[in-house]
Amino acid sequence: MFHFIKKIFHKDNRKLWILFAISVLIAGASLPFLPDQIPIHFDAYGNVDSYGTKSFIFLAPGLLILIIFFVELFRSIDPKKDNYSLFQKHYYSFCFMVGLVLFFIELYTLWYCYLPDRTVNASIFIPALIGILFSYIGNIMPKFKHNYFIGIRTPQTLANETVWYMTHRFGGKLWFIGGILMMLTSFLPIPIKLWLFFVLTFFLVVLPVFYSLYAYKKVTDPNTKQSKK
């Protein structure tokens, strides 16, 4: 247990701890000045459709501390934990980026509470933020090594490291381009934006799965191997 706690505070988690500390300080400093009810969800048109008590401003810091915990838990219990040292930098940068998205959502909530008339519409802000996340993950995805917790985990990629490598190269390019398209759709009229956003999300999720099937067949098919010889 002590060894696990020591891991949580190691240098690779430093950026997440700093982000958590800043997030807590901002939430704590703003709490006395917030209205009793703050927005916690926006509809597709950027209008608030759900409110919560102002204590919800601590939601982002709470999720950040969970990320810090699970980052190390997943790594320590993964049967392929030795592989994490091969992509350690990208593993922690992925987790930091997810935390950064939560932090920006916290800032956006405060912005909306204090300056609702000058806030960028959520229907623009959220898709753009998600698009940035997809592009960033796509950029580092080919660096992910064989593991059970992060990456495109299908029966085929988990069964064969070559299939894992091929699928993550394909998925990385797809997610990088798809993320850029998501950012661009955020400025389109809302009905078109919604349709394109869900179509893009569908293909970003489904195409890598089908590609892993193709890659597995290509790698394991004896006829393919003989033709190469």
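Residues numbered from 1 in each chain as written. Predicted model: local features only at pLDDT ≥ 70, side-chain atom pairs only at ≥ 80, totals over all residues. Heavy atoms only, no water.

### Some details on the overall build of the protein chain
Phase 1 of the analysis: Of the regular secondary structure elements, the protein chain holds nine helices and two strands.
Phase 2 of the analysis: Secondary structure elements of the protein chain, listed N to C terminal, follow the sequence α-α-β-β-α-α-α-α-α-α-α.
Phase 3 of the analysis: For the protein chain, the spread of C-alpha atoms along the principal axes amounts to about 70 × 50 × 20 Å.
Phase 4 of the analysis: Counting all 229 residues of the protein chain, 41% fall into the buried class.
Phase 5 of the analysis: Excluding contacts between residues fewer than 6 apart, the proportion of contacts in the protein chain whose partners are at least 24 apart in sequence is 67%. (Helix = DSSP H or I, 4+ residues; strand = E, 2+ residues; numbered from the N terminus. Buried < 20%, exposed > 50% of the residue type's maximum accessible area, 1.4 Å probe, protein only. Contact = heavy atoms within 4.5 Å.)

### A word on helix α3 (residues 59-77)
Phase 1 of the analysis: For α3, which comprises 19 residues, the first-to-last C-alpha distance of 27 Å matches the rise-based estimate of 27 Å (1.5 Å per residue) to within 8%.
Phase 2 of the analysis: Ala60, Pro61, Leu64, Ile67, Ile68, Val71, Glu72 and Arg75 are the residues of α3 that are buried. (Expected span 1.5 Å × (residues − 1).)

### Quick notes on the packing of helix α5 (residues 122-140) against helix α7 (residues 161-185)
Phase 1 of the analysis: It is at 7 Å that the axes of α5 and α7 come closest, and there the two elements cross at 160 degrees. Viewed along their axes, α5 and α7 adopt a mutual orientation that is roughly antiparallel. Between α5 and α7 lies a crossing of left-handed hand. Between α5 and α7, the residues in contact are Pro127, Ala128, Ile130, Gly131, Ile132, Phe134, Ser135, Ile137, Gly138 and Asn139 and Gly172, Trp175, Phe176, Gly179, Ile180, Met182 and Met183, respectively.
Phase 2 of the analysis: Class assignment of the residues belonging to the contact of α5 with α7 gives a composition of eleven nonpolar, six polar and no charged. (Axes fitted to C-alpha atoms, helices over the stretch in contact; angles between N-to-C directions. Parallel < 35°, antiparallel > 145°, perpendicular 65-115°, else oblique. Left-handed = near helix turned anticlockwise from the far one by under 90°. Nonpolar A, V, L, I, M, F, W, Y, C, P; charged D, E, K, R; others polar.)

### A short note on the environment of phenylalanine 74
Phase 1 of the analysis: For phenylalanine 74, the position within the fold is in helix α3.
Phase 2 of the analysis: According to the relative accessible area criterion, phenylalanine 74 is partly exposed, its value standing at 31%.
Phase 3 of the analysis: If near-sequence neighbours (up to four positions away) are discounted, phenylalanine 74 is found in contact with Tyr84, Tyr91 and Phe149.

### Observations regarding the side chain of histidine 168
Phase 1 of the analysis: Locating histidine 168 in the fold gives a position in helix α7.
Phase 2 of the analysis: One polar contact links the side chain of histidine 168 to the main-chain amide nitrogen of isoleucine 152, over a distance of 2.8 Å.
Phase 3 of the analysis: Filtering out sequence-adjacent residues up to four positions away, histidine 168 remains in contact with Met141, Pro142, Phe144, Gly151 and Ile152. (Polar contact = N/O pair within 3.5 Å; in protein donor to acceptor, adjacent residues only side chain to side chain.)

### Comments concerning the side chain of threonine 119
Phase 1 of the analysis: With respect to the element layout, threonine 119 can be found in the loop between α4 (88-114) and α5.
Phase 2 of the analysis: A distance of 3.5 Å separates a polar atom in the side chain of threonine 119 from the backbone oxygen of tryptophan 111.
Phase 3 of the analysis: A polar side-chain atom of threonine 119 sits 2.6 Å from the main-chain carbonyl oxygen of leucine 115.
Phase 4 of the analysis: Discounting chain neighbours no more than four positions away, the residues touching threonine 119 are Tyr108, Trp111 and Tyr112.

### So, the packing of aromatic side chains
Phase 1 of the analysis: Scanning the model with the defined rule gives 20 aromatic pairs in all.
Phase 2 of the analysis: A ring pair is formed by phenylalanine 42 and tyrosine 112, whose centres lie 5.4 Å apart and whose planes are at 80 degrees; its orientation type is edge-to-face. Here the residue phenylalanine 42 occupies a position in strand β1 (residues 37-42), and tyrosine 112 occupies one in helix α4, the gap between them amounting to 70 residues.
Phase 3 of the analysis: Under the relative-accessibility criterion, phenylalanine 42 is labelled buried at 16%.
Phase 4 of the analysis: Assessed through its relative accessible area of 23%, tyrosine 112 is described here as partly exposed.
Phase 5 of the analysis: Ring centres 4.3 Å apart and planes at 10 degrees place the aromatic pair phenylalanine 170 and tyrosine 211 in the stacked group. Here tyrosine 211 lies in helix α8 (residues 190-220) and phenylalanine 170 lies in helix α7, a separation of 41 residues in the sequence.
Phase 6 of the analysis: Through successive ring pairs, a cluster of aromatic residues spans Tyr84, Phe87, Tyr91, Tyr92, Phe94 and Phe144.
Phase 7 of the analysis: The ring centre of phenylalanine 96 lies 4.9 Å from the NZ or CZ of lysine 15, which sits over that ring. (Phe/Tyr/Trp six-rings, centres within 6.5 Å; stacked < 30°, edge-to-face > 60°. Lys NZ or Arg CZ within 6 Å of the ring centre and 35° of its normal.)

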